[in-house]
Amino acid sequence: MKISKLGAIALSSAVACFALFSQAQAETLRLSHNTGDTTTWHKGAEKFNELLTAATDEALSVRIFPNATLSGGDQMKQAEMVSRGALDFVVTSAINVTPLVPEMAVFSLPYLYSNYEQVDATTGGEPGKQMSDILAAHDIVVLAWGENGFREVTNNVHPIKTPADMEGLKMRVAGPMYIDVMNALGANPQQMQWTETFTALQQGVVDGQENPIGAVIIPQRVYEVQKYLTSWHYSYDPIFIGVSKKRWDSFDDATKEKVREAAVEAMVYQKEITRKSTEEGIAFLREKGMEVYEPSADELQAFRDATQPAFDTWAAKVGADLVKSFQETVAATN
Ligand code: X2X
């Protein structure tokens, strides 16, 4: 009787230990992003999960929540939630972080970049490190930079060839800097969640929007509700995989390395598929019935001149030193 009681205690504590052990062994963390599950953001997040699960022998994995559902549909709120440890991981783009960290607007200053080489020189160089340090001060650890891309304008009213063509267009924008850019162009901007934009375009609540071709316009089928696209490359938007400092600090050094490596590799993949889809994208969009206008260098200069006031306003908000750091790296790259 005594022995079997002891045995039962031993057995039940062994079961409890095992349960605890396996719980510690397999932890599922939450990753939020604010686009649909067909985008290259989502594919990058899936790749991260795949690599992390494999690298940790399934001890760590992430569950991906698209469309900003974990922040109640608010795409700007994700950064703040990661910052206070209410979310583990986030995949989001720079512009969504600007309400919390205004310096993040530096990437998207109108016509800061002319090509991918310049982008890569900044995200892979000193400016990218400076931005990671700024985000770290907000308890967001940047693991790797990926790509939303150069944002192109679409609408349903007419082709956009000159700044004057923007006059009076009702434009959906994602964040505060783009309000100023659209105002500089004489358009009527309106800030709206991305998840509400497709319906707003469909119902004519707004005439147009702006987003990158490969990462968003194609996978989210914007061509079904928009007739005209102009590849004006007016603003670049990076994405990143970030983790809350709270979660990051809970990892030992070996785990940190695995998490970072998985993120870096996932974002290399994400950038690759985004650029490929963007490259093939204009032909695809024409096939789908969109009328695409590709401005000449002179025409681009007219948009650059017209958006200069918004550049200046936001360069001041970002801070002269940070803007200079980006501009110097851009100027040193062709
Ligand atoms: O909301 C947008 O336009 C999107 C998806 O590109 C961003 O998250 C900034």
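For clarity, every value in this text was computed on a predicted model and none was experimentally measured.

Side note on the pattern of salt bridges
Pairing is possible between side chains that carry opposite charge, provided their charged atoms lie close to one another.
Consideration 1: Here the structure, examined in full by the defined rule, presents 15 salt bridges.
Consideration 2: A salt bridge links D120 to K271, with the shortest nitrogen-to-oxygen separation between them at 3.1 Å. With a gap of 151 residues between them, D120 in helix α5 (residues 116-123) and K271 in helix α11 (residues 253-279) connect regions that are remote in the sequence.
Consideration 3: A salt bridge links D249 to K245, with the shortest nitrogen-to-oxygen separation between them at 2.7 Å. Of this pair, D249 and K245 are both found in helix α10 (residues 245-249), four residues apart, which corresponds to roughly one turn of the helix.
Consideration 4: A residue is classified by how much of its surface remains accessible, and K245, at 35% relative accessible area, is partly exposed.
Consideration 5: Where salt bridges share partners, they join D120, E147, K271 and R275 into one cluster.

Considering unusual backbone geometry
Consideration 1: Of note in the backbone geometry, D139 takes a positive phi value of approximately 65° without being a glycine.
Consideration 2: Position of D139 relative to the elements: it lies in the loop between α6 (126-136) and β4 (140-155).
Consideration 3: A positive phi angle, near 55°, is found at R221, a position not held by glycine.
Consideration 4: Tracing the backbone through its elements, the reader meets R221 in the loop between α9 (213-217) and β8 (228-244).

Some thoughts on the site of the ligand
Consideration 1: In the vicinity of the ligand lie 14 residues, with N34, N96, R151, R172 and N211 positioned nearest.
Consideration 2: A distance of 2.9 Å separates an oxygen atom of the ligand from a polar atom in the side chain of Q75.
Consideration 3: R151 places a polar side-chain atom, nitrogen or oxygen, 2.9 Å from an oxygen atom of the ligand.
Consideration 4: In isolation the ligand has 260 Å² of accessible area, and contact with the protein removes 100% of it.
Consideration 5: Tallied by class, the residues present in the shell around the ligand amount to four nonpolar, seven polar and three charged.

Some details on the pairing of strand β7 (residues 208-212)
Consideration 1: In terms of burial, β7 is a largely internal element, five of the five residues being buried.
Consideration 2: Burial along β7 is two-sided: the face carrying G208, E210 and P212 and the face carrying Q209 and N211 are both buried.
Consideration 3: Across five bridges, the pairing between β4 and β7 is antiparallel. Following the sheet pairing, V153 is matched in β7 by E210.

Side note on the packing of helix α2 (residues 40-55) against α11
Consideration 1: Here α2 crosses α11 at 145°, and the two axes come no closer than 8 Å. Considering the relative orientation of α2 and α11, their crossing is right-handed. Where α2 approaches α11, its residues T40, W41, K43, G44, K47, F48, L51, L52 and A55 are matched on the opposing element by K258, V259, A262, A263, E265, A266, M267, Y269, Q270, I273 and T274.
Consideration 2: Looking at the contact of α2 with α11 residue by residue, the classes come out as twelve nonpolar, four polar and four charged.

A word on the side chain of E210
Consideration 1: Within the element layout of this structure, E210 appears in strand β7.
Consideration 2: Judged by relative accessible area, E210 falls into the buried class, the value being 0%.
Consideration 3: Side chain to side chain, E210 and R151 meet in a polar contact 2.5 Å long.
Consideration 4: A polar side-chain atom of E210 sits 2.9 Å from a polar atom in the side chain of Y234.
Consideration 5: In contact with E210, other than residues within four places in its own chain, are R151, E152, V153, R172, V173, A174, Y178, M182 and Y234.

Comments concerning helix α13 (residues 297-318)
Consideration 1: Over its 22 residues, α13 runs only 27 Å from end to end, short of the ideal 32 Å by more than 12%, given 1.5 Å per residue.
Consideration 2: A maximum bend of about 50° is found in α13 at T307, where proline P309 lies one to four positions downstream.
Consideration 3: Among all positions in α13, only F303, T307, A310, F311, W314, A315 and V318 are buried.
Consideration 4: Among the residues trailing α13, G319 stands out with phi positive, at a value near 110°.

The rules behind each value
Residues numbered from 1 in each chain as written. Predicted model: local features only at pLDDT ≥ 70, side-chain atom pairs only at ≥ 80, totals over all residues. Heavy atoms only, no water. Salt bridge = Lys/Arg side-chain N within 4 Å of Asp/Glu carboxyl O. Helix = DSSP H or I, 4+ residues; strand = E, 2+ residues; numbered from the N terminus. Buried < 20%, exposed > 50% of the residue type's maximum accessible area, 1.4 Å probe, protein only. Near = heavy atom within 4 Å. Polar contact = N/O pair within 3.5 Å; in protein donor to acceptor, adjacent residues only side chain to side chain. Areas by Shrake-Rupley, 256 points an atom, 1.4 Å probe, with all protein chains shown as cover. Nonpolar A, V, L, I, M, F, W, Y, C, P; charged D, E, K, R; others polar. Pairing = 2+ DSSP bridges. Axes fitted to C-alpha atoms, helices over the stretch in contact; angles between N-to-C directions. Left-handed = near helix turned anticlockwise from the far one by under 90°. Contact = heavy atoms within 4.5 Å. Expected span 1.5 Å × (residues − 1). Bend = angle between axes of the 7 residues up to and from the residue.

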